[in-house]
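Residue-level structure breakdown
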Amino acid sequence: MNSNVENLPPHVLRLVYKEVSALAADPPEGIKVYPSEEDITELHTSIEGPEGTPFAGGIFRMRLVLGKDFPAVPPKGYFLTKIFHPNVGHKGEICVNVLKRDWKAELGLRHVLLTIKCLLIHPNPESALNEEAGRLLLEDYAEYESRARLLTEIHAMGGPGGTSGAPQDPNDGPQPKKHAGDPTKRAGPSAAAVPAALGNGASTTSNCSSNSTNSSTSNVAGKKKADKKRALRRL
């Protein structure tokens, strides 16, 4: 993408540099900012998936692009990490009012980042770019949550998709709709996945506890049997 540094007037560049420096030094909670010294008009960030949402535990990479008419015209936002969300298109483009009709030059980039993070908590199906996600959010929230969590686990939790910046593709990844009738497939990570995430510690502890109990019971029964035999011999 071509830089807009040369297209922006010096006073705007100074304001952008000042704001980006402030964001990098004191970012909003759950957001990290990675400024580029070569191109201040393209701001890379990462947003932590908010707790209580299907995106919890994920780290979502994103970029804001400042056009030549900034700040009169809002920046454009794109998710680089794949995400199943009504307001994020298949190429990562973001649809939110603050980047459109509600934009005001004085709002600033911090407000934009906070608004996008809030969008992860409160999606707006009425302005959906991903129509399937918007429909499921309204008609079958459990299925929407399952799809959103699945892509979060695959692409935003340290896997290759979480750092690749690959464009959105509606056909990428497994399609969990075939499990729609099985609630155990829709309630988040499987039971087997939880011990794996803990280094198999939970599974090992459970198995060891069970084996220890069985072994102890067997030893007690054996001891009683041997004592009974010795008593019979004395008679």
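It should be emphasised that the depicted structure is a prediction, and the values quoted were computed from it without experimental measurement. Here, residues in each chain are numbered from 1, in the same order as that chain's written sequence. Per-residue local features of the predicted model are confined to residues with pLDDT of at least 70, and side-chain atom pairs are confined, for both listing and counting, to 80 or more; whole-chain, interface and lining totals are unaffected and use all residues. Side-chain numbers here rest on the full set of heavy atoms in the structure, without hydrogens or water.

1. Quick word on the overall build of the protein chain
For the protein chain, the helix and strand inventory stands at seven helices and four strands. For the purposes of this entry, the term helix denotes a DSSP run of H or I that reaches at least four residues, the term strand denotes a run of E that reaches at least two, and both are numbered from the N terminus. Helices and strands in the protein chain line up, N terminus first, as α-β-β-β-β-α-α-α-α-α-α. The 235 residues of the protein chain split such that 36% are buried. Here the contacts in the protein chain between residues at least 6 apart in sequence split such that 61% fall between residues at least 24 apart. Relative accessibility thresholds used throughout: buried, under 20% of the residue-type maximum; exposed, over 50%; partly exposed, between the two (1.4 Å probe, protein chains only). In what follows, residue pairs with any heavy atoms lying within 4.5 Å of each other are defined as contacts.

2. Points about the UniProt feature "active site" (unreviewed entry) in the protein chain
UniProt positions are given in the numbering used here, feature names are shortened, and annotations may be inferred rather than shown by experiment. Per the UniProt record, the feature "active site" (unreviewed entry) sits at Cys95. When residues no more than four places from it in sequence are discounted, the contact partners of Cys95 are Asn87, Lys100, Leu119, Ser127 and Leu129.

3. A word on the packing of helix H1 (residues 10–25) against helix H2 (residues 108–121)
Comment: axis = line fitted to C-alpha atoms, over the contacting stretch for helices; angle = value between 0 and 180 degrees taken between N-to-C directions. Orientation of H1 relative to H2, taken along the N-to-C sense of each, is 50°, at an axis distance of 8 Å. Between H1 and H2, the angle is such that the two are oblique. Taking contact as the criterion, the partners of Glu19, Val20, Ala22 and Leu23 in H1 are, on H2, Gly108, Leu109, Arg110 and Leu113. For this classification, the nonpolar set comprises Ala, Val, Leu, Ile, Met, Phe, Trp, Tyr, Cys and Pro, the charged set comprises Asp, Glu, Lys and Arg, and every other residue, Gly included, is treated as polar. Residues that form the contact of H1 with H2 fall into these classes: five nonpolar, one polar and two charged. Convention used here: angles under 35 degrees read as roughly parallel, angles over 145 as roughly antiparallel, angles from 65 to 115 as roughly perpendicular, and any remaining angle as oblique.

4. Things to note about the sheet that holds strand E1 (residues 31–34)
Whether two strands pair depends on DSSP finding at least two bridges between them. The strand order across the open sheet built from four strands is E1-E2-E3-E4, with neighbouring strands paired in antiparallel fashion. Only two strands of the sheet have a single neighbouring strand rather than two, namely E1 and strand E4 (76–79). Taken pair by pair, the neighbouring strands of this sheet meet at an average axis angle of 25°, ignoring direction. Alignment of E1 against strand E2 (residues 42–48), held across four bridges, turns out to be antiparallel.

5. Examining the environment of Leu66
With respect to the element layout, Leu66 can be found in the loop between strand E3 (59–65) and E4. By relative accessible area, Leu66 is classed as buried at 2%. Placed 23 residues apart in sequence, Leu66 and Leu43 show a C-alpha to C-alpha distance of 8.3 Å. If we skip the residues at most four places from it in the chain, Leu66 touches Asn4, Val16, Ile40, Thr41, Pro75 and Leu109.

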